[in-house]
Every structure is written in structure tokens, then in C-alpha cells.
Amino acid sequence: MPSDAVTTAVPRSTGRPVSIDPDAVAAVALRLFAECGYEQTSMEDIAREAGIGRKSLYRYFSSKAELVWGGMEPVVEASGRVLDSARAAGWADGGILARLRDAAVAGVAVLPDLAVTRGRLRLIAEHPELASRSYESLAPQRERTRAYLVSAGVPEDVAGYLCAALIGATFEAWMQWAAGTDPDPVPYLVAAVGVLRVPETPPHHGMPA
């Protein structure tokens, strides 16, 4: 377990907060995972160290795996907004990949602490049971991307393949970034989208010329 999995520690609270910051709790959990081991750390340990009640912790996170995979909702929503805007504005020639690239990097700006994200991704890389949740955890992003591609005129089957390739490539980009020390994941995401190609689509599929 890398000792530098989280570079920003969150001090232990001395009392129960009025509201819970899920990212701060996740930072506490990741610090404990780094110090004590993922398997050896319990949800009770996390709640105690974060200064919150166990029931409060379970209201936000149902399991340790969810603590690790948490924080995806703002990323998915930011990416979805980019694609929704592109759909409303129409597409220029070759614009689909540009919009997919914009959507892939949009999530970076909404992550409050990239050190926490790096710690999460390193844990996922080290624990097969966490990595196995990627398909389920990334389902909302996959479905929104597929809907965008189909609305852009890409046939259903091709949209499915392209969507799978995009999710796989960008996930690998995040993992490569997390394994290193570069502060900015954006170049990795741009490179990942850059390997994709959108096949030419016959006009009757509705693809803008």
C-alpha cells in the first residue's frame, strides 16, 4: 500500500458536524487505508476517525468500496452537461470526438481534491475486488455518452462499441495518471480520446454533414 496515497490529510473532528462533507470523510478513509490497510480498516474505524456517527457514515456510503468509488457523480454530471450542450448546439464536421474530449476533461474541474482522487485510483489498482466494480460504477457515464452518440447520428451498435472504447481508454488514462506524480490528469485524458475514431456514417442515419 503506498504511503503517499493521500497527500492531503483531513484532521479528525472533535465533535459531530452539523453537515458531513463526503470528500473530507473519503480523505479520512483513504488515509486510514494507507496507514492500516484496506482490509484491516472497518467502517467503524472510519466513522470514529472522522468524528461522525456510524449511521451517518452509512447514510452517505454503504460500504468501503463505495467510499473508494465515491465522487463519480459530479464528474459524470459535468461530462453530461458538455454533451447536452453539444447536442443542443449541433455539430460541426469532425466535432463528435472534440465533444467527447471536452466531456472527458470536464470532470477534472469539478473534483475538489485531486490528491483524494489519486488515492482512490491507486486503491482500485491494488485491489481486484475494487477494480471489478468499474463497469457498474461507470454505468451512468456510459449511458449518457451512448445517448449523445446516438443523438449525433451514430448507429446504435457503433455507439455501443465507441462508448465502451471511450470509457476504457479514459479509465486507463486516469489509472496511468494516478500511478505517477504529474499534477494534471488532463493531458492523459486528451491522449486517450485521441486514439479513438468515429466511423463514417451514411447520411440516412441523421449524422450532420
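Residues numbered from 1 in each chain as written. Predicted model: local features only at pLDDT ≥ 70, side-chain atom pairs only at ≥ 80, totals over all residues. Heavy atoms only, no water.

J.: What exactly am I supposed to notice about the overall build of the protein here?
T.: Secondary structure assignment for the protein yields 12 helices and zero strands. Helices and strands appear in the protein in the N-to-C order α-α-α-α-α-α-α-α-α-α-α-α. Considering the protein as a whole, with its 209 residues, one finds that 44% of them fall into the buried category. Sequence separation of 24 or more characterises 71% of the internal contacts of the protein that already satisfy a separation of 6 or more. Of the roughly 10,600 Å² of accessible surface on the protein, a fraction of 55% belongs to carbon and sulfur atoms. (Helix = DSSP H or I, 4+ residues; strand = E, 2+ residues; numbered from the N terminus. Buried < 20%, exposed > 50% of the residue type's maximum accessible area, 1.4 Å probe, protein only. Contact = heavy atoms within 4.5 Å. Areas by Shrake-Rupley, 256 points an atom, 1.4 Å probe, with all protein chains shown as cover.)

J.: What should I look at first to understand the pattern of salt bridges in this one?
T.: Opposite charge on two side chains makes pairing possible when the charged atoms of those side chains draw close. The final tally for this structure, using the stated rule, is 10 salt bridges. Between Arg144 and Asp84 there is a salt bridge, and its shortest N-O distance comes to 2.9 Å. Of this pair, Arg144 sits in helix α10 (residues 139-151) while Asp84 sits in helix α5 (residues 72-89), and the two are 60 residues apart along the sequence. The closest approach of N and O atoms between Asp102 and Arg101, which form a salt bridge, is 3.9 Å. Since its relative accessible area comes to 27%, Asp102 is described here as partly exposed. For Arg101, a relative accessible area of 34% gives the class partly exposed. (Salt bridge = Lys/Arg side-chain N within 4 Å of Asp/Glu carboxyl O.)

J.: Whenever I open this one, the environment of Asp113 confuses me. Can you help?
T.: Counting through the fold element by element, Asp113 comes out in the loop between α6 (95-109) and α7 (114-126). Taking the C-alpha atoms as reference, Asp113 lies 9.4 Å from Ala24; in sequence the two are 89 residues apart. Polar side-chain contacts of Asp113 include one of 2.9 Å to the backbone nitrogen of Ala115. (Polar contact = N/O pair within 3.5 Å; in protein donor to acceptor, adjacent residues only side chain to side chain.)

J.: Explain the environment of Arg87 here, please?
T.: With respect to the helices and strands, Arg87 occurs in helix α5. Arg87 sits 61 residues away from Tyr148 along the chain, and the two C-alpha atoms are 7.0 Å apart. Excluding its chain neighbours within four sequence positions, the residues that come into contact with Arg87 are Ala147 and Ser151.

J.: When you look at the packing of aromatic side chains in this model, what are you seeing that I'm missing?
T.: The relative placement of two aromatic rings is captured by the distance of their centres and the angle of their planes. Here the structure, examined in full by the defined rule, presents three aromatic pairs. Ring centres 6.1 Å apart and planes at 15 degrees place the aromatic pair Trp69 and Phe171 in the stacked group. One end of the pair, Trp69, is in helix α4 (residues 64-69); the other, Phe171, is in helix α11 (residues 156-179), with 102 residues separating them in the sequence. Given a relative accessible area of 7%, Trp69 falls into the buried group. (Phe/Tyr/Trp six-rings, centres within 6.5 Å; stacked < 30°, edge-to-face > 60°.)

J.: Would you take a moment to explain α10 for this structure?
T.: Helix length check: α10, at 13 residues, gives a terminal C-alpha distance of 18 Å against a target of 18 Å (1.5 Å per residue), a fit within 8%. Those residues of α10 lying buried are Gln141, Arg142, Thr145, Tyr148 and Leu149. Take α10 and look down its axis: the buried residues cluster within an arc of 130 degrees, on one side only. Against the buried residues of α10 lie α5, α6, α9 (134-137) and α11. (Expected span 1.5 Å × (residues − 1). Arc of directions from axis to C-beta.)

J.: Sorry if this is basic, but what is going on with the side chain of Arg120 here?
T.: Summarising the element assignment, Arg120 is placed in helix α7. No salt bridge is formed by the buried Arg120; its nearest oppositely charged neighbour, Asp23, is found at 4.0 Å. Of the polar contacts made by the side chain of Arg120, one reaches the backbone oxygen of Val68; its length is 3.2 Å. Apart from residues no more than four positions distant in its own chain, Arg120 is found in contact with Asp23, Ala26, Leu30, Leu67, Val68, Gly70 and Gly71. (Lys, Arg positive; Asp, Glu negative; His and termini not counted.)

J.: Just to check I follow, could you spell out the side chain of Thr117 for this structure?
T.: Within the fold, Thr117 resides in helix α7. Not counting the four nearest positions on each side in its chain, Thr117 is found in contact with Leu111, Trp174 and Trp177.

J.: Explain the nonpolar core here, please?
T.: A general tendency of soluble globular proteins is for nonpolar side chains to be buried together. In terms of nonpolar packing, the biggest core is built from 55 residues, with Ile46, Leu100 and Leu149 touching the most fellow members. No other element matches the 11 residues that α11 contributes to this core. (Core = buried A, V, L, I, M, F, W, Y, C linked by side-chain atoms within 4.5 Å.)

Interpretation in functional terms is not warranted from these geometric data alone.
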